Amino acid sequence: MQALSAMRRDLDGLGAIGRRRSLAPRRGIDFTSNDYLALAASARLRDAALTAIGRGVAIGSGGSRLLRGNTDEHEALEAEAAAFFNAAAALFMASGYAANAMLFATLPQRGDLVVHDALVHASAHEGMRLGRADTAAFDHNDVNAAADAIAAWRRGGGTGTPWIAVESLYSMDGDRAPLADFAALAERTQAMLLIDEAHATGLYGADGRGLAAAWQGRENVVTLHTCGKAMGAEGALILGPGIVRDVLVNRGRGFIFSTAPSPLIAAVVREAIRALADEPQRRTRLDVLVAHAGAVLGPLGVSLSGSAIQPIVIGEDARTMAIAAALQAQGFDVRGIRPPTVPAGTARLRITLTLNIDEAAVSDLAAVLAPHL
């Protein structure tokens, strides 16, 4: 068939430039997951799931939240999350991708402008593509460029609301956004500020509330906290003013027409939030591991991120994947990241540091990696 032939040509083209992907099973020491605090397989979350099942919490919701899929577990999670993160309201979604895409597709309106960091997640781009607002990218972490984009839009007749979109901790570079500067820009320009906390939730801020905790609760701030990374479960929480939640419930197609997330997972996420507050030693231990990684990778010429996400930029796609394969063959689960996930010419090894490993494993990885750099 013509359609299948076109698909084959597309895949062959990806293969020719070293960008064809395939699924690989878990093997080797974990240097690639986002299970930063090792909660995913923890006894605490397993026990929370068993306890919830024991008291009759269903695995499936049976429908969308606006039909019969809304359960006490969803409501309880959202109330507890709003209180924990100091937001007026929360909305639970089945995945971070779905939540982020819905935010950008729903909240900015025709006549508005979404001005976004060039490195924001693909889900944000998907939402912008589906949305009605104009869009403009600015160079990574460049607050002045964001301000210039808003000013140019105003000079050109823009009269709506600017929406400034950033990530607090970038997933492929491991660096932080200058949130205080972006918050000040939002105040000066009467803009809304959308902050993706996916890789900061659980790791930073008081009790793991994230890097944006100081601005959470403001009327012009909306944050996204994923539950499948440091929190060890799955799903995502959108936090912000109550009216934002109401608009998403009434206008967010990704919410309205999706089966509600599992009530059982909602119960587990509630326990994960408690674990963030109750077990600060997990964050302390991870900080020690990050410092050790810096001590052994820095001498190899690696540009250190200072976070649990440590990229090693190789540049060329095929060489990146060859090095990743060599590391995997020696028992280290390190994956290569290629365009379009990262900009062309910046293919990299994305090393993540989690409590599933220890200092000895990091030192061993550095020793094996050294000949390739």
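Note that the structure is predicted; figures quoted are calculated from it, not measured.

*Asks:* Which residues make up the side chain of Thr 223, and what values do they have?
*Replies:* Inspection of the secondary structure assignment puts Thr 223 in strand 7 (residues 221-226). Residue classification places Thr 223 among the buried positions, given a relative accessible area of 0%. Polar side-chain contacts of Thr 223 include one of 2.5 Å to the side chain of Gln 216. A distance of 3.2 Å separates a polar atom in the side chain of Thr 223 from a polar atom in the side chain of His 225. The residues contacting Thr 223, other than those within four sequence positions of it, are Ile 195, Glu 197, Ala 212, Gln 216, Leu 237, Ile 238 and Leu 239.

*Asks:* Could you give an account of the packing of helix 6 (residues 143-155) against helix 7 (residues 179-189), with specific residues and numbers?
*Replies:* To characterise two packed helices, one gives the angle between the axes of the helices and the distance between these axes. Following both chains from N to C, one finds helix 6 and helix 7 inclined at 15°, their axes separated by 10 Å at the closest point. The angle between the axes of helix 6 and helix 7 places the two elements in the roughly parallel class. Here helix 6 and helix 7 pass one another in a crossing that is right-handed. Facing helix 6, whose interface residues are Val 143, Ala 146, Ala 147, Ile 150 and Arg 154, helix 7 presents Asp 181, Phe 182, Leu 185 and Thr 189. Residues belonging to the contact of helix 6 with helix 7 are distributed by class as follows: six nonpolar, one polar and two charged.

*Asks:* Explain the environment of Phe 84 to me, and be specific about the residues and the numbers.
*Replies:* Positionally, Phe 84 belongs in helix 3 (residues 72-85). Note on Phe 84: relative accessible area 9%, which makes it buried. Considered as a pair, Phe 84 and Ala 291 are 207 residues apart in the sequence and their alpha carbons are 28 Å apart. Residue contacts for Phe 84: discarding those within four places in its chain leaves Asp 207, Arg 209, Ile 273, Leu 276 and Ala 277.

*Asks:* Account for a positive patch on the surface, naming residues and giving values.
*Replies:* Where like charges cluster on the molecular surface, the positive patch consists of Arg 110, Arg 132, Arg 251 and Arg 253. Tracing the backbone shows Arg 132 in the loop between helix 5 (122-130) and strand 4 (134-138). For Arg 132, a relative accessible area of 46% translates into the label partly exposed.

*Asks:* Can you explain the sheet that holds strand 9 (residues 309-315)? Please cite residues and give values.
*Replies:* Overall, antiparallel pairing links the three strands, which are arranged 9-12-11 in an open sheet. If you trace the sheet from one side to the other, it starts and ends with strand 9 and strand 11 (335-337), each paired once. Ignoring strand direction, the axes of neighbouring strands in this sheet form an average angle of 35°. Pairing analysis gives six bridges linking strand 9 to strand 12 (residues 347-352), with the strands arranged antiparallel. Of the residues in strand 12, the one forming a bridge with Val 313 is Arg 348.

*Asks:* I'd love a proper account of a nonpolar patch on the surface, names of residues and values included.
*Replies:* A grouping of Met 1, Leu 4 and Met 7 is seen on the molecular surface, where their side chains present a nonpolar patch of about 350 Å² in accessible area. Relative to the helices and strands, Leu 4 resides in helix 1 (residues 2-16).

*Asks:* Give a description of the packing of aromatic side chains that names residues and reports values.
*Replies:* Counted by the stated rule, this structure contains three aromatic pairs. Relative to Phe 332, the ring of Phe 31 has its centre 6.2 Å away and its plane inclined at 50°; by these criteria the two rings are tilted. Of the two residues, Phe 31 sits in the loop between strand 1 (29-30) and helix 2 (43-54) while Phe 332 sits in strand 10 (residues 332-333), which places them 301 residues apart along the sequence. Each member of the pair, Phe 31 as well as Phe 332, carries the same accessibility label: buried. An angle of 85° between the planes, with centres 4.9 Å apart, marks the rings of Phe 84 and Phe 85 as edge-to-face. Residue class for Phe 85 comes out buried when judged on its relative accessible area of 2%. The ring centre of Tyr 204 lies 4.4 Å from the NZ or CZ of Arg 176, which sits over that ring. It is Arg 209 that lies over the ring of Phe 84; its NZ or CZ is 4.3 Å from the centre.

Rules used throughout
Residues numbered from 1 in each chain as written. Predicted model: local features only at pLDDT ≥ 70, side-chain atom pairs only at ≥ 80, totals over all residues. Heavy atoms only, no water. Helix = DSSP H or I, 4+ residues; strand = E, 2+ residues; numbered from the N terminus. Buried < 20%, exposed > 50% of the residue type's maximum accessible area, 1.4 Å probe, protein only. Polar contact = N/O pair within 3.5 Å; in protein donor to acceptor, adjacent residues only side chain to side chain. Contact = heavy atoms within 4.5 Å. Axes fitted to C-alpha atoms, helices over the stretch in contact; angles between N-to-C directions. Parallel < 35°, antiparallel > 145°, perpendicular 65-115°, else oblique. Left-handed = near helix turned anticlockwise from the far one by under 90°. Nonpolar A, V, L, I, M, F, W, Y, C, P; charged D, E, K, R; others polar. Patch = residues over 30% accessible without salt bridge, like charges linked within 9 Å, V, L, I, M, F, W, Y side chains within 5 Å. Areas by Shrake-Rupley, 256 points an atom, 1.4 Å probe, with all protein chains shown as cover. Salt bridge = Lys/Arg side-chain N within 4 Å of Asp/Glu carboxyl O. Lys, Arg positive; Asp, Glu negative; His and termini not counted. Charge placed at Lys NZ, Arg CZ, Asp CG, Glu CD. Pairing = 2+ DSSP bridges. Phe/Tyr/Trp six-rings, centres within 6.5 Å; stacked < 30°, edge-to-face > 60°. Lys NZ or Arg CZ within 6 Å of the ring centre and 35° of its normal.

Keep in mind that these numbers describe shape and distance, not what the molecule does.
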